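# What the coordinates show
Below are the chains, spelled out letter by letter.
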Amino acid sequence: MGQSSYFVPATAKWPIVGTVGMFIMMIGAANWLNAGPTGPWLFAIGGAIVIAMVFGWFGDVIRESRANLYNSAVDASFRQGMIWFIFSEVMFFAAFFGALFYARILAVPWLGGEGTGAMTHELLWPGFEAAWPTHGPAELGGDFQTIPGFGLPLINTLILLTSGVTLTIAHWALKKEQRGPLVFWMFVTILLACLFLSIQSYEYVHAYRDLGLTLGSGIYGSTFFMLTGFHGVHVVIGTIMLIVIAIRCMMGHFSKKNHFGWEAAAWYWHFVDVVWLGLFIFVYVV
Amino acid sequence: MSNTTTAHHDDHHGEHPTGLARWVFSTNHKEIGTLYLVFSLAMFLVGGAMALVIRAELFAPGLQLVNPEFFNQMTTMHALVMIFGAVMPAFVGLANWMVPMMIGAPDMALPRMNNWSFWILPFAFTMLLATLFMPSGAPAAGWTLYPPLSLQGGNSLAFVILAIHLMGISSIMGAINIIATILNMRAPGMTLLRMPLFVWTWLITAFLLIAVMPVLAGAVTMLLTDRFFGTSFFNAAGGGDPVLYQHIFWFFGHPEVYILILPAFGIVSEIIPTFSRKPLFGYTSMVYATASIAFLSFIVWAHHMFTVGMPLGAMLFFMYATMVIAVPTGVKIFNWIATMWRGSMTFETPMLFALGFVVLFTIGGLSGVMLAIVPANFQYHDTYFVVAHFHYVLVTGAVFAIMAAVYYWLPKWTGHMYDEKLGKIHFWWSTIWVNVLFFPQHYLGLAGMPRRIPDYAVQFTEFNMISSIGGFMYGFGQLLFVYIIWKCVRGGEKATAQVWEGARGLEWTVPSPAPLHTFDTPPLVEDNVAVHRDRLT
Ligand code: HEM
Ligand SMILES: [Cu+2]
């Protein structure tokens, strides 16, 4: 961090690329949802542009960082940015956890006739008894079974927790500037991440094929797949981050003192980890 | 803060681009601020045109100009455009221009992301407004998009939801940038409790934005999956609950209304001391009041849904929690008045708008307290009383404050004084007609006229006619605002650095117009320029 002045780039070309990419992607997605024929194509094209933008943008930042253009204040701004980004993600998950708690604590019991003045039970579904899991009084999606928490989900929990530990070991190695162990432990972490994703995919296939548990299985299926699905998407993003960072480790990009890119990915990974703990407890176990 | 915020502008790759490229690729907080403000003004006019469609239809009972379906599209789009397109971007534009100058920073902390936050908006609004031209029309279920109604509309739903996602991404990135700038880029000596109140209110607003925009994203995502992927979040047959949507939406929605007003509080807290030639009364209490309002805004959301059938205990809690907000709000109003007390006041246009704000916003606050009373709310809910309430806080509140800010800082931006005489005419014109427009709506609501209805019983005719006349007069009067800005950009009396005799703060130490790069070397913040206080403790 040689520079003493705050780096302000003269121009930025990637943001507008990203904007156009996202715009095409969103138009594509909306068309796709409305069964428009061009939807998937537009979505794919927009997605490709966004991916190109991410590579281009981060590439610029990495080059500037390696050219020592950033001082400690820029570093602090990046840290602020990452912290608040993760906070926004926490709040995004909070909405879905909120939906789960509301359904379990309030909506389903009321449908079962609890409380005063909730007439849905009496007038529409007098026979419905509140229970969890449920696919509601109309039994949407047909019969289903749930995935017991103390099987594969527990193993997945252990995998993710272990990956947090291996990542920390990698950090120790980074702080001692030992590239061999650093890369090794990064790889172990990535391996665990992929293992987690494989088990999760297997579980989804199992749920859809053998258990009759789908997105359409009433409120249980909705909350189950929404929470685990969005978490899965975040694990994929986190894994990609870890892979990129591991490659950069191999290229010798980080130093003992200057490795915020590494830390940002690690923070993200720990965030994904913590969300999973919440999921494991409230979706699978309780 | 050490001298690490000395700026290095990476200009050696070539000249500063000109023409369109200058704006599309800009990383400069002043240019991006201008983009935000111009975009906001454009959306203000678009949203205003929609409002005039509404008021034209409501001029007389019966259906005459537009069909009910289109009427509903107008109320829905008007709200979305005004909230997400006009008011929020205006505040972000003001933050872009003023926050770095007020804290002595060379630019925003994350200049590239700043560009991105802005440029998403025109695209998001293209997507939103495009739905007007689709065969099934724009969304028509109200800006709150309540299910099941919103799920029964045409193809627009997917477009609206994805456009809202884009707007959310833009707001979150904008907010992150503002927080990082304020926490990280202050000049030496600019301690937190020396920051101008506009900076303080924006810091807290940015926190609110990051906390609740993702919640809105979650809510509309569930709408999307309910509609297209067979989930049952809001479907009782599957064990879900449409009321769940309302809870999640308003967990976002109530903090959102404070997002729309806290920066306005900041603006007024800058302007009143300047034109009273006195330090702000109760600076610290202002900061704490803002923080309390922000905190309370998270625990009052259900006052928007008293009529859904909540347990009594919940209703009581939300009623009292809502009323408690009146306390910190009252602290603010008291402080503004106390600032003026025995000041040597003058009444230039920014001050007029700020004073208009204090009086008229208070009316909106009081009708809010009336609405918070559960048994009364059963009567007023979804009537024109609510419409009157939120237009007092949003038009004579947020919009008046934005206009005050524009008049206040326009000389700093352009280097010219605006036409004071026209400014005063604009103020008085707006103030008179905005009351003609919205005050009668209180009576309409108390008499039982429902909102979001294109037709009404004949007994409501007179007040509706008055309101519509007010609407057209107020609306067309805003063209004067556009003209005044245009004229000021083109020329006018040269502005001094300080512009206003009583102005304090770092932004008034740089020349007018402010050069493209200010505070490349951070200033040392002396006690008396820091805030509107003569002496710091
Ligand atoms: C003392 C402060 C306030 C109180 C006690 C208050 C209370 C309320 C209540 C109880 C409602 C629900 C009315 C109903 O639908 O039955 C409401 C609606 C509303 N308020 Fe406020 N409010 C206050 C300040 C504000 C401010 C500062 C803003 C924005 C700048 C605002 C914007 C709105 C909006 C937009 C709605 C209507 C939302 C909709 O249904 O579309 N309020 N307010
Ligand atoms: Cu509210």
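Residues numbered from 1 in each chain as written. Chains lettered and ligands numbered in written order. Predicted model: local features only at pLDDT ≥ 70, side-chain atom pairs only at ≥ 80, totals over all residues. Heavy atoms only, no water.

Residues and elements named next belong to chain B. With respect to the helices and strands, the residue Ala 95 is situated in helix α3 (residues 68–103). Of the residues examined, Ala 95 reaches a relative accessible area of 0% and is grouped as buried. Once the C-alpha coordinates of Ala 95 and Val 199 are considered, the two residues, 104 residues apart in sequence, prove to be 7.8 Å apart. Discounting residues that sit within four places of it in the chain, Ala 95 has contacts with Pro 100, Ile 178, Phe 198 and Trp 202. (Helix = DSSP H or I, 4+ residues; strand = E, 2+ residues; numbered from the N terminus. Buried < 20%, exposed > 50% of the residue type's maximum accessible area, 1.4 Å probe, protein only. Contact = heavy atoms within 4.5 Å.)

All names here are of chain B. Taken N-terminus to C-terminus, the directions of helix α8 (residues 262–276) and helix α13 (residues 384–414) make an angle of 50 degrees; their axes are 9 Å apart at the nearest point. As judged from the angle between their axes, α8 and α13 are oblique. Crossing hand, α8 versus α13: left-handed. Across the interface between the two elements, Ala 264, Ile 267, Val 268, Glu 270, Ile 271, Thr 274 and Phe 275 of α8 pack against Ala 398, Ala 401, Ala 404, Ala 405, Tyr 408 and Trp 409 of α13. Classifying every residue of the contact of α8 with α13 by side-chain character gives 11 nonpolar, 1 polar and 1 charged. (Axes fitted to C-alpha atoms, helices over the stretch in contact; angles between N-to-C directions. Parallel < 35°, antiparallel > 145°, perpendicular 65-115°, else oblique. Left-handed = near helix turned anticlockwise from the far one by under 90°. Nonpolar A, V, L, I, M, F, W, Y, C, P; charged D, E, K, R; others polar.)

Chain A puts 67 residues into the contact, and the matching count from chain B is 71 residues. Counting the surface lost from both chain A and chain B, the interface buries some 5800 Å², and carbon and sulfur atoms represent 75% of this. Here chain A is connected to chain B by 1 salt bridge. Between Arg 112 of chain B and Glu 64 of chain A there is a salt bridge, with the nearest N and O atoms lying 2.4 Å from each other. For the interface between chain A and chain B, the tally reads 13 residue pairs in polar contact (both at pLDDT 80 or more). Broken down by secondary-structure element, the contributors of at least two residues to the side of chain A that touches chain B are β1 (5–9), α1 (14–33), α2 (39–66), α3 (72–111) and α7 (218–250) of chain A. Here the side of chain A that touches chain B is built from residues that sort into 44 nonpolar, 19 polar and 4 charged. (Buried area = accessible area lost by both parts, 1.4 Å probe. Salt bridge = Lys/Arg side-chain N within 4 Å of Asp/Glu carboxyl O. Polar contact = N/O pair within 3.5 Å; in protein donor to acceptor, adjacent residues only side chain to side chain.)

All right, on to the nonpolar core then. One finds Met 186 and Trp 262 of chain A together with Phe 84, Trp 336, Phe 357 and Trp 409 of chain B to be the most contacted residues of the largest nonpolar core, which totals 282 residues. If you tally residues by element for this core, the top one is α3 of chain B, at 23 residues. When residues no more than four places from it in sequence are discounted, the contact partners of Trp 262 of chain A are Leu 167, Ala 170, His 171, Leu 174, Leu 182, Met 186, Ile 245, Cys 249 and Phe 254 of chain A. Core analysis: the second largest hydrophobic core is formed by 5 residues, Leu 371, Ala 376, Tyr 380 and Val 386 of chain B among them. (Core = buried A, V, L, I, M, F, W, Y, C linked by side-chain atoms within 4.5 Å.)

Moving on: the coordination of the copper ion (ligand 2). Residue and element names in this part refer to chain B. At the metal site, the copper ion (ligand 2) is ligated by His 254 (ND1), His 303 (NE2) and His 304 (NE2), and these contacts range over 1.8 to 2.0 Å. Each donor residue of the copper ion (ligand 2) belongs to the same chain, with the gaps between them written as H-x48-H-H. Between the copper ion (ligand 2) and the iron atom of ligand 1 the interatomic distance comes to 4.5 Å. Highlighted residues: His 254 in helix α7 (residues 242–259) and His 304 in the loop between α9 (283–296) and α10 (312–340), separated in sequence by 50 residues. When its relative accessible area of 5% is taken as the criterion, His 254 is described as buried. (Donors = N, O, S within 2.8 Å, 3.2 Å for Na, K, Ca; no water.)

For the rest of this paragraph, the subject is the site of ligand 1. Residue and element names in this part refer to chain B. Neighbouring residues of ligand 1: 22 residues in total, closest Trp 143, Asn 377, His 381, His 389 and Arg 451. Of all the secondary-structure elements, those providing two or more residues to the shell around ligand 1 are α7, α11 (349–372) and α13. For the shell around ligand 1, the element with the most residues is α11, which contributes 6 residues. Here the shell around ligand 1 is composed, by residue class, of 13 nonpolar, 8 polar and 1 charged. (Near = heavy atom within 4 Å.)

In many analyses, interface size is given as the accessible surface area lost on bringing the parts together. Residue and element names in this part refer to chain A. Along its sequence, chain A is organised into domain 1 (1–70) and domain 2 (72–285). Centre-to-centre separation of domain 1 and domain 2, based on C-alpha positions: 25 Å. On the domain 2 side, the residues contacting the 8 residues of domain 1 number 10 residues. Together, the buried faces of domain 1 and domain 2 total about 890 Å²; carbon and sulfur atoms form 64% of this surface. (Domains from an automatic or database assignment.)

All names here are of chain B. Tracing the backbone shows Gln 478 in helix α15 (residues 461–490). Among the residues examined, Gln 478 registers a relative accessible area of 3% and is labelled buried. Within the structure, Gln 478 has its side chain in polar contact with the side chain of His 426 (distance 2.9 Å). Sequence-distant contacts of Gln 478, defined by excluding residues within four places in its chain, comprise Phe 44, Met 403, His 426 and Ser 430.

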